[in-house]
Structures are given as C-alpha cells and as structure tokens.
Amino acid sequence: MKNINKRSKTFRMVKNSMTHNILMITKFYDNLITFADLDTIHPRKYKDRNKVRRSLLSLHLNSLILLNDNETWIITPNGKNFLYEFAQRNKSKTPID
C-alpha cells in the first residue's frame, strides 16, 4: 500500500502498546471515539487519562488521527495505511495451523 504521509515512516510504535491499541480501536470503530468509548471497552486499562492523552497527542502529531477540541477523535487515511504497514512489518514468523 502506498504511504501518503512521509512522517509515519519515522513514527515508532510498540506492538500492543496503549498508542497501538488506541489506533486499532479507532480504526475498528471508524467513527468519532470518546473517552466513554474507551471506558466501555476496558475501564481499567484506559483509566489514566494523562497516558491516554499523551498517546492521542502522539497519534495526532503524526497525522494518524484527527483530535478534536471536545476530546473526540477519528482515524485518518494515513492512520489506516500506517496500521496496514505496521502489521506487514510485524508479521508473526511462526505459521498458524
């Protein structure tokens, strides 16, 4: 898949990190997401709002999500492309039976 955003190539994300999980949730919903949505999905994991905001800001600064003033966000086409490329780079080496 063609990468539209050149900055996403230098963006480093750890698999299964909070930032990675938030981006995947945002892609899955493909709609505006709120903190209430994260609380519904996993109340304890996303309890620390400062960590969530830090992840959201990082995603926003790399043009992977659009972060709104009312603390809602949505994934961008660059964010979707990044996830596909990330999955391709982090393929499991062991075959699944």
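Going by the structure above, here's the rest.
Small disclaimer: the values here were computed from a predicted structure and weren't measured.

(A) Spotlight on the side chain of N21. Following the sequence through the fold, N21 ends up in helix 1 (residues 18-29). If we ignore the near neighbours within four places in the chain, the residues touching N21 are N16, K45 and Y46.

(B) Layout of the nonpolar core. Counting 20 residues, the largest nonpolar core has I22, L23, V52 and L59 as its most contacted members. Of all the secondary-structure elements, those providing two or more residues to this core are helix 1, helix 2 (35-41), helix 3 (49-61), strand 2 (73-75) and helix 4 (77-89). For this core, the element with the highest residue contribution is helix 1, accounting for 4 residues. Those residues in contact with L59, other than ones at most four positions away along the chain, are F11, M13, T19, I22, L23, L64 and I65.

(C) Just the pattern of salt bridges, in detail. Under the definition given, this model contains 3 salt bridges. Here D39 makes a salt bridge to R49, at a shortest N to O gap of 2.8 Å. Of this pair, D39 sits in helix 2 while R49 sits in helix 3; the two residues are 10 residues apart in sequence, bridging distant segments of the chain. Judged by relative accessible area, D39 falls into the partly exposed class, the value being 29%. Residue R49 is classed as partly exposed on the basis of its relative accessible area, which comes to 25%.

(D) Main features of the packing of helix 1 against helix 4. Look at helix 1 against helix 4: their axes get within 10 Å of each other, and the N-to-C directions meet at 120 degrees. One element, helix 1, and the other, helix 4, form an angle in the oblique class. The chirality of how helix 1 crosses helix 4 is left-handed. In contact with H20, L23, M24 and K27 of helix 1, helix 4 contributes G79, K80, F82, L83, Y84 and F86. Each residue belonging to the contact of helix 1 with helix 4 can be placed in one class, and the counts come to 6 nonpolar, 2 polar and 2 charged.

About the thresholds
- Residues numbered from 1 in each chain as written.
- Predicted model: local features only at pLDDT ≥ 70, side-chain atom pairs only at ≥ 80, totals over all residues.
- Heavy atoms only, no water.
- Helix = DSSP H or I, 4+ residues; strand = E, 2+ residues; numbered from the N terminus.
- Contact = heavy atoms within 4.5 Å.
- Core = buried A, V, L, I, M, F, W, Y, C linked by side-chain atoms within 4.5 Å.
- Buried < 20%, exposed > 50% of the residue type's maximum accessible area, 1.4 Å probe, protein only.
- Salt bridge = Lys/Arg side-chain N within 4 Å of Asp/Glu carboxyl O.
- Axes fitted to C-alpha atoms, helices over the stretch in contact; angles between N-to-C directions.
- Parallel < 35°, antiparallel > 145°, perpendicular 65-115°, else oblique.
- Left-handed = near helix turned anticlockwise from the far one by under 90°.
- Nonpolar A, V, L, I, M, F, W, Y, C, P; charged D, E, K, R; others polar.

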